[in-house]
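The chain contents come next:
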Amino acid sequence: MKGVGPQTALRLLSSGRTTDEVARAIASGDPKRIKAKGVGPKIAERVAIELKDKVGVLAAAVPTPSGSHLRPPSGSSEEAFLALKGLEFEDEDARKLVARAISKLGPKASAEDLVREGLRASV
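Now for a description of the structure that goes with this document. (Residues numbered from 1 in each chain as written. Predicted model: local features only at pLDDT ≥ 70, side-chain atom pairs only at ≥ 80, totals over all residues. Heavy atoms only, no water.)

### Quick notes on the packing of aromatic side chains
Aromatic rings in a pair are described by how distant their centres are and how their planes are angled relative to each other.
Here comes step 1: Tallied over the entire structure, the rule returns zero aromatic pairs.
Here comes step 2: Positioned over the ring face of Phe-81 is Arg-95, at 3.9 Å from the centre of the ring. (Phe/Tyr/Trp six-rings, centres within 6.5 Å; stacked < 30°, edge-to-face > 60°. Lys NZ or Arg CZ within 6 Å of the ring centre and 35° of its normal.)

Here's what the structure looks like:
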């Protein structure tokens, strides 16, 4: 998607929100909820329109504010893989980025940290 890539994803994830919050903001389809330094209204609208359906699956997998899950969460590495897939990485590339992040951060790293590290490695 033109104008939206790893740098935009890093900006969204570095905005002080968790990956869950970012996924919910994108899944809402509301560009006003997709805020980050360096992400203007046009890119936010493009993210909202083009990734809403893809990230909606991820948003359903994360805990709701009440702590319940719409579907059982999987391991951090699988959540990180799904997040990278939602950002339009190919299966093989997403798996390699997650594996590289695990080797750097360790097997107990959170999905959020794995996605961040995977995106840094992809740039």
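Continuing now.
### Digging into the pattern of salt bridges
Here comes step 1: In total, this model carries four salt bridges according to the counting rule given.
Here comes step 2: Taking the shortest distance from any N to any O, the salt bridge between Lys-96 and Glu-92 comes out at 3.0 Å. Of the two residues, Lys-96 and Glu-92 are both situated in helix 5 (residues 91–105); the distance of four residues between them amounts to about one turn of the helix.
Here comes step 3: On the accessibility criterion, Lys-96 (46% relative accessible area) is partly exposed.
Here comes step 4: Residue Glu-112 pairs with Arg-116 through a salt bridge whose shortest N-O separation is 3.2 Å. Here Glu-112 and its partner Arg-116 are both found in helix 6 (residues 111–122), four residues apart, which amounts to about one turn of the helix. The exposure classification of Glu-112 matches that of Arg-116, with both residues buried. (Salt bridge = Lys/Arg side-chain N within 4 Å of Asp/Glu carboxyl O. Helix = DSSP H or I, 4+ residues; strand = E, 2+ residues; numbered from the N terminus. Buried < 20%, exposed > 50% of the residue type's maximum accessible area, 1.4 Å probe, protein only.)

### With respect to the nonpolar core
Here comes step 1: In terms of nonpolar packing, the biggest core is built from 28 residues, with Leu-12, Ile-26, Ile-34, Leu-84, Val-115 and Leu-119 touching the most fellow members.
Here comes step 2: Listed by contribution, the elements that provide at least two residues to this core are helix 1 (6–13), helix 2 (19–28), helix 3 (41–61), helix 4 (76–86), helix 5 and helix 6.
Here comes step 3: For Leu-12, the contacting residues outside a window of four places in its chain are Arg-17, Val-22, Ile-26, Ile-34, Lys-35, Ala-36 and Val-39. (Core = buried A, V, L, I, M, F, W, Y, C linked by side-chain atoms within 4.5 Å. Contact = heavy atoms within 4.5 Å.)

### Observations regarding the packing of helix 1 against helix 6
Here comes step 1: The contact between helix 1 and helix 6 brings their axes to 9 Å, and the two run at 150°. One element, helix 1, and the other, helix 6, form an angle in the roughly antiparallel class. Crossing geometry of helix 1 relative to helix 6 is assigned as left-handed. Contact residues: Pro-6, Ala-9, Leu-10 and Leu-13 in helix 1; Val-115, Arg-116, Leu-119, Arg-120 and Ser-122 in helix 6.
Here comes step 2: Taken together, the residues of the contact of helix 1 with helix 6 sort by class into six nonpolar, one polar and two charged. (Axes fitted to C-alpha atoms, helices over the stretch in contact; angles between N-to-C directions. Parallel < 35°, antiparallel > 145°, perpendicular 65-115°, else oblique. Left-handed = near helix turned anticlockwise from the far one by under 90°. Nonpolar A, V, L, I, M, F, W, Y, C, P; charged D, E, K, R; others polar.)

### Some details on the packing of helix 5 against helix 6
Here comes step 1: At a minimum axis distance of 8 Å, the contact between helix 5 and helix 6 shows a crossing angle of 110°. The angle between helix 5 and helix 6 places the two elements in the roughly perpendicular class. For helix 5 against helix 6, the interelement crossing comes out right-handed. Mapping the contact onto sequence places Leu-97, Arg-100, Ala-101, Ile-102, Lys-104 and Leu-105 in helix 5 and Asp-113, Leu-114, Glu-117, Gly-118, Ala-121 and Ser-122 in helix 6.
Here comes step 2: A class-by-class count of the residues in the contact of helix 5 with helix 6 yields six nonpolar, two polar and four charged.

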